[in-house]
Amino acid sequence: MDWLRLQPVLMQAFLAGLFTWGCTIVGSAVVLFFKHISRRLLDIMMGFVAGVMIAASFWSLLTPSIEYAQGSYGKMSWLPAAIGFLVGGFFLRLIDAIVPHLHLSKDISEAEGISGKAQKKLSKTALLFLAITIHNFPEGLAVGVAFGALATNSSPEAFIGAIGLALGIGLQNIPEGAALSIPIRTDGKSRLKAFYWGSMSAIVEPIGAVLGAVAVMTMTAILSYALSFAAGAMIFVVVEELIPDSQTNGNTDVATLGLMVGFVLMMILDVALG
C-alpha cells in the first residue's frame, strides 16, 4: 500500500476529527457565561442532536455502505450494511454495559455500567463525562470511515459527502458540549472545570477518526461493514440515550420538533453537499 499517497486522506480525517472536537469546545464555552440553562432548552438541544445523528446514519453511512457493496455483492448488497449495523449496535451495548456512566436526566444513584468499587468512587461529573464520551467515539469513527473511503473513491462527490458528515456532526456537537458543561456547573463545579470536562468529552473524536480511516484504508474489504458499523453505533446512542433523555421532562413536543429540525438540517447538508 502506498502510504505516501494515503497520508493526505489520513490527515483530512484527523483534521475533520479536530473540527468536530473544536465544535464541542465552542459549545462547552457557554458555561463561561451562564450557570443555568432551562430544561426545556436542554431537551430541545438533545432532540436536535438525535435528529442530526439519525440523518447522518442513513444518508452519510448506510446508503454509501450499500452502494460500495453493490460491486461485490450485487443484489445482496444489503448484507454488509445489515451485519455492520447490528454489530455496531451490539458493540455499543457492550460498552454501555461495561463503562460506568450517568445519563443527563438521571440521579447519580441511577448510574449505569458495571457496579462495584470503581463506579462508587466516580463523581457525578466523571459519570456524566463518560456518558457523553461513549457516544462521541462512534461519531469520530464515522467521520474517519467516511474520509478513509476516499482512498478507494476519491470523487468530488465522495469528498463533499465526507465534509458534509463532519459539518453535521460538528454542528450537533455544539449543543452537546453545552448540554454536558452546564449540568456540571450546576452541580457545583467551577466554570473552568465545567468547561474543561465538557471540552474533553470529545477528545476521542479525532482519535476515532484516525482509527476509522486507518481501518478502511488498510482493509478496503471492510469498508461497507465499517460504514454501517458506525451507523449502528450512532443509532444505538440515539435510541438508548438521547431520545429518552429529551422525552422524560415534560417537553415531549418541543424535543420531538427539535429532532425533526436536526434531521432535516442534516438531510439538507448531505443531499446538497453530496
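Right, let's walk through the structure included here. (Residues numbered from 1 in each chain as written. Predicted model: local features only at pLDDT ≥ 70, side-chain atom pairs only at ≥ 80, totals over all residues. Heavy atoms only, no water.)

### Structural notes on helix α6 (residues 156-186)
So, step 1. Taking 1.5 Å per residue, 31 residues should reach 45 Å; α6 reaches 46 Å between its end C-alpha atoms and fits that length.
So, step 2. Of all the bends found along α6, the most pronounced is centred on Ile-174 and spans about 30°, while Pro-175, a proline, follows it within four residues.
So, step 3. Residue Gly-188 follows α6 closely and has a positive phi angle near 115°. (Helix = DSSP H or I, 4+ residues; strand = E, 2+ residues; numbered from the N terminus. Expected span 1.5 Å × (residues − 1). Bend = angle between axes of the 7 residues up to and from the residue.)

### Focus: the packing of helix α9 (residues 223-247) against helix α10 (residues 252-273)
When two helices pack together, their arrangement is captured by the angle between the axes and the distance separating the axes.
So, step 1. At a minimum axis separation of 8 Å, α9 and α10 run at an interaxial angle of 140°. Put simply, α9 runs oblique to α10. Across from Ile-243, Ser-246 and Gln-247 in α9, the residues of α10 making contact are Thr-252, Ala-255, Thr-256 and Leu-259.
So, step 2. In the contact of α9 with α10, the residues fall into three nonpolar, four polar and no charged. (Axes fitted to C-alpha atoms, helices over the stretch in contact; angles between N-to-C directions. Parallel < 35°, antiparallel > 145°, perpendicular 65-115°, else oblique. Contact = heavy atoms within 4.5 Å. Nonpolar A, V, L, I, M, F, W, Y, C, P; charged D, E, K, R; others polar.)

### A few points about the environment of Val-237
So, step 1. Here Val-237 shows up in helix α9.
So, step 2. Sequence spacing of Val-237 and Pro-138 is 99 residues, and the spatial spacing of their C-alpha atoms is 9.2 Å.
So, step 3. Once you skip the residues sitting within four places of it in the chain, Val-237 turns out to touch Met-53, Leu-92, His-135 and Leu-242.

### Examining a nonpolar patch on the surface
So, step 1. Taken together, the side chains of Phe-19, Phe-159, Ile-160, Ile-163, Leu-167 and Leu-273 define a hydrophobic patch exposed on the protein surface, amounting to about 430 Å² of accessible area.
So, step 2. It is α6 that provides the largest number of residues to the nonpolar patch, a total of four residues.
So, step 3. Inspection of the secondary structure puts Phe-159 in helix α6.
So, step 4. Taking relative accessible area as the criterion, Phe-159 reaches 34% and is therefore assigned partly exposed. (Patch = residues over 30% accessible without salt bridge, like charges linked within 9 Å, V, L, I, M, F, W, Y side chains within 5 Å. Areas by Shrake-Rupley, 256 points an atom, 1.4 Å probe, with all protein chains shown as cover. Salt bridge = Lys/Arg side-chain N within 4 Å of Asp/Glu carboxyl O. Buried < 20%, exposed > 50% of the residue type's maximum accessible area, 1.4 Å probe, protein only.)

### Observations concerning the pattern of salt bridges
So, step 1. Scanning all chains against the criterion turns up one salt bridge.
So, step 2. For Asp-43, the salt bridge identified is with Arg-39, shortest N-O distance 2.9 Å. With Asp-43 and Arg-39 both in helix α2 (residues 39-73), this residue pair falls four residues apart, about one helical turn.

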